[in-house]
Number of protein chains: 2
Amino acid sequence: MSKVQDYIDSHKDHFKEELFELLRIPSISTNSDHKGDVLDAAHYLVDRLEALDLDRVELFETDGNPIVFGELITDESKPTVLVYGHYDVQPPDPLGKWDTPPFEPTVRNGNIYARGASDDKGQSFTHVKALEAYRKTDSKFPVNIKFIFEGEEEIGSPHLVPFIKEHKEMLECDMVLISDTAMFAEDTPSLTYGLRGLAYMEVDVVGPNRDLHSGVYGGAVDNPANVMAEIISKLKDEDGVIQIPGFYDDVVELDEEEREEYTKLPFDEEGFKKDLGLDTLHGEEGYSTLERTSARPSLDVNGLWSGYQGEGAKTVLPSEAGAKISMRLVPDQDPKEIARLFKEYVESLAPESVDVTVTEHHGGHPIVTDLSFYGLQAAAEAFKNVYDKEPLFTREGGSIPIVADFENVLGAQSILMGFGLNSDAIHSPNEKFALKDFYRGISTSAKFFELLPKYALQPEH
Amino acid sequence: MSKVQDYIDSHKDHFKEELFELLRIPSISTNSDHKGDVLDAAHYLVDRLEALDLDRVELFETDGNPIVFGELITDESKPTVLVYGHYDVQPPDPLGKWDTPPFEPTVRNGNIYARGASDDKGQSFTHVKALEAYRKTDSKFPVNIKFIFEGEEEIGSPHLVPFIKEHKEMLECDMVLISDTAMFAEDTPSLTYGLRGLAYMEVDVVGPNRDLHSGVYGGAVDNPANVMAEIISKLKDEDGVIQIPGFYDDVVELDEEEREEYTKLPFDEEGFKKDLGLDTLHGEEGYSTLERTSARPSLDVNGLWSGYQGEGAKTVLPSEAGAKISMRLVPDQDPKEIARLFKEYVESLAPESVDVTVTEHHGGHPIVTDLSFYGLQAAAEAFKNVYDKEPLFTREGGSIPIVADFENVLGAQSILMGFGLNSDAIHSPNEKFALKDFYRGISTSAKFFELLPKYALQPEH
């Protein structure tokens, strides 16, 4: 292993330069204008994999963005790890709030600043570089490895599930390795064993057939923006309890033991508030901040628009109003069912005086992984070895819908080996990824592959 | 008079061409990028007035957009009419909804389509052309006339009131003539004797110091967009009654007689709904549609924005939300007082978890004019003469704050001689003005000037 670690230690700049090349590609999947960039990012990964002399590297076209696959089988008797990552990124807006351009990666006080630095280019690239450390030092790779990189994670992976169903044999594996989550805190490695699910909706309210003069018509015609506000205000009560009938029916309540574990986590609520510039937090009555963000469902308006948004005052009674609203889900809530309940409820709130349309964007299932799984144990020791700390086992608030899909289609559990931080500002301006964690991530990945065969032989505990 | 009318009849194309030149100038006062265009519009009017060989034509600079003044004194013993109009226009957005470009005036089925066609370039230009008909036919102009055209009406005339206060003598007059309102219906001339006032507010809600990932933070951090919806939902109840404490205190209730008059107006509610593409109207419980839009106050969201408004789904918990909200006022509500009550109430609704800021845009006083005023009687006969119909006396929902200011500063009542239609879609895409009403407007204006001296000698009735 020392040869491998030595290679990692001596090739940091080379790793960084290659990651920067990837970060410079604005592969924004939510905006069709960037289709070409998304394609460039895929080809860049193909090139990096081909440089590692694998058994197979292939770019699969889909009806959307392509899927990059790579494979190296060293010994059928050894475990096979499927590394999953995504090379697409969120839009950078609001652009004005970036200190340096989102697609010109810059290092400041030890952090790489760029859209995708943490989510997920920087994190997923660690495993490619870990494999490189073995290949370039003629070290026998300890396990079998497969890579699958998609370009549609930020739009709900519409083509990934059909793809894995279609290529079950090709993707057969003992576990999925994903680095797309955050460590609990700086220098505090964590293995995420729970993720929230997602139901993402869009509501459109249409009133008069054109924007009207608010003086001539105001008072006699229902206003879609006012109606939208009415509807949104009825989704939660003042205690942060979601009002959609049946919403909580399938929620698995935390038992006392779990709640006890939560209290042991080194969480600094004051620091959390300070980082957000907030004096007061607000959430579901009766639960702690950590419980609210990981073990309880939530509902948030993600976008809202109507009428005149420009400078000055325009006395218009708008013809339409729109909102994007998403819900984070916990076991055993089903995204499709929640979407149905949301639609039913919102439509029931719609007054006769307007037309209300509810449409469903992507969703994902919540998951909780078995803590005794040997892959998870190996990952824990790898973390301990590199960070010199016992990793925490945590649940996260974000959603990685694909984790549930891998479990359902391939029967494989996922190991969420996160190297990011919650303060990485993913999906926000000035997204960052700590350079040291990019390097430690590569080492941890390499160590994980080394340790895995040993754990595979142990009885599960 | 026949000479004058003959001139009008024989110069229609010339009038239209000149109006089109004015309409081609995108003099949008709400957007500072158009400052130059606004200036061009002012100079265009100066040129048109100078062509009429008046005693005085002058462009007055202000700290904002200039004010155009013109004057012709024919006989001190005759009444003096101050014609007021505005050469600035509303923004054209949403641009995509125009059938022809907003600043390329086009005639379709008898209508001029262009931003400002009706509000107010087309309407106010009629009086300039009426005067031209006298000047170009060597007819003695029957009264004294002054013109005042401003370029900031759509942003609340911030510099007009200081200007008229500063130039009281120059602007001294017996009445103000304004064409910036609508006829009750096609071929149904109306004299507007009442206007609603306006209080225009902006509300900003700020939560976390940056946009957040809705998965990582959702559930623990209050969402400014949800809070904004809460606030807006508390401004009116389900019966359309405004909930701001004290809001109705100064409202003069309609007496039975007035309500009786309202029922006599030829209002086609089905046609009104059909024109708007609505099945159901909604407004304050207990009042008719006409009462709601003219004699009762109203509150409408004019603009609303937060978070991600683009294509697809962005799972963001927005840092900010904003709204533009305006209220139409009736006698004796005071805009400043209403703005204060609004601010007080909205601030009282703000939860600790966010910062809520309420700012005031422009406002205006509601007015009701004395029906026995001789200028109004002369205007009525002029209408009858040209349209061959007794004009209706109506109250309108829109606001012309300057009318109250003229009364307060110059002690002059206003005659609201509207040639437009409510269906002109002012402030909306595809604004129009009927060509025939542009021409009939010129004739009515010319007739009004002819009749005015006679009425001036009659005892008021």
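See the structure above.
Below is a summary of the structure that appears in this document. All of these numbers come straight from a predicted model, not from anything done at the bench. (Residues numbered from 1 in each chain as written. Chains lettered and ligands numbered in written order. Predicted model: local features only at pLDDT ≥ 70, side-chain atom pairs only at ≥ 80, totals over all residues. Heavy atoms only, no water.)

**Here's the deal with the sheet that holds strand β5 (residues 111–113) of chain A**
Residue and element names in this part refer to chain A. The strand order across the open sheet formed by three strands is β4-β5-β20, and the pairing between neighbours is antiparallel. Looking along the sheet, the strands with just one partner apiece sit at the ends: β4 (106–108) and β20 (432–434). Strand-to-strand twist in this sheet, taken as the mean axis angle between neighbours without regard to direction, amounts to 30°. Relative to β5, β4 is paired through three bridges, and the arrangement is antiparallel. In the strand pairing of β5, Arg108 is matched with Asn111. (Pairing = 2+ DSSP bridges. Helix = DSSP H or I, 4+ residues; strand = E, 2+ residues; numbered from the N terminus. Axes fitted to C-alpha atoms, helices over the stretch in contact; angles between N-to-C directions.)

**Concerning the environment of Pro224(A)**
All names here are of chain A. With respect to the helices and strands, Pro224 occurs in helix α8 (residues 224–233). Here the alpha-carbon distance between Pro224 and Lys3, two residues 221 residues apart in the chain, equals 66 Å. When near neighbours in sequence (up to four residues on either side) are disregarded, Pro224 contacts Val205, Val206, Gly207, Pro208, Leu317, Pro318, Ser319, Glu320 and Ala321. (Contact = heavy atoms within 4.5 Å.)

**Comments concerning the packing of aromatic side chains**
For the coordinates displayed, the defined rule picks out 32 aromatic pairs over all chains. Ring centres of Phe60(B) and Phe69(B) lie 6.4 Å apart, and the angle between their planes is 75°; this geometry places the pair in the edge-to-face category. Comparing Phe60(B) with Phe69(B) shows no difference in burial state: the two are buried. Ring pairing ties together the aromatic residues Tyr134(A), Phe141(A), Phe448(A) and Phe449(A), which thus form one cluster. Lying across the ring of Tyr44(A), Arg48(A) places its NZ or CZ 4.8 Å from the centre. (Phe/Tyr/Trp six-rings, centres within 6.5 Å; stacked < 30°, edge-to-face > 60°. Buried < 20%, exposed > 50% of the residue type's maximum accessible area, 1.4 Å probe, protein only. Lys NZ or Arg CZ within 6 Å of the ring centre and 35° of its normal.)

**Overview of helix α4 (residues 121–135) of chain B**
Compared with the 21 Å implied by 1.5 Å per residue over 15 residues, the 21 Å span of α4(B) between its first and last C-alpha is a close match. The element α4(B) is extensively covered by neighbouring structure, given that 14 of its 15 residues are classed as buried. (Expected span 1.5 Å × (residues − 1).)

**Side note on the relation of the copies chain B and chain A**
What connects the two chain copies is a rotation about an axis and a shift along it. When chain B is fitted to chain A, the best match, at an RMSD of 0.0 Å, comes from turning it 180° and sliding it 0.0 Å along the axis. Given the turn and translation reported, the copies of this chain are related as if by a two-fold rotation axis. Mapped onto chain A, 99% of the interface residues of chain B are again interface residues, and the two copies thus contact each other with one and the same surface. (Least-squares fit on C-alpha atoms with pLDDT ≥ 70 in both.)

**Quick notes on the pattern of salt bridges**
As enumerated under the stated definition, the model contains 60 salt bridges over all chains in all. Across the pair Glu253(B) and Arg296(B) runs a salt bridge whose closest N-O atoms are separated by 3.2 Å. One end of the pair, Glu253(B), is in the loop between α7 (224–233) and α8 (256–264); the other, Arg296(B), is in the loop between α10 (289–294) and β12 (298–307), and 43 residues separate them in sequence. Classification of Arg296(B) as buried rests on a relative accessible area of 3%. Here the salt bridges do not stand alone but share partners, grouping Glu186(A), Asp187(A), Lys436(A), Asp437(A) and Arg440(A) into one network. (Salt bridge = Lys/Arg side-chain N within 4 Å of Asp/Glu carboxyl O.)

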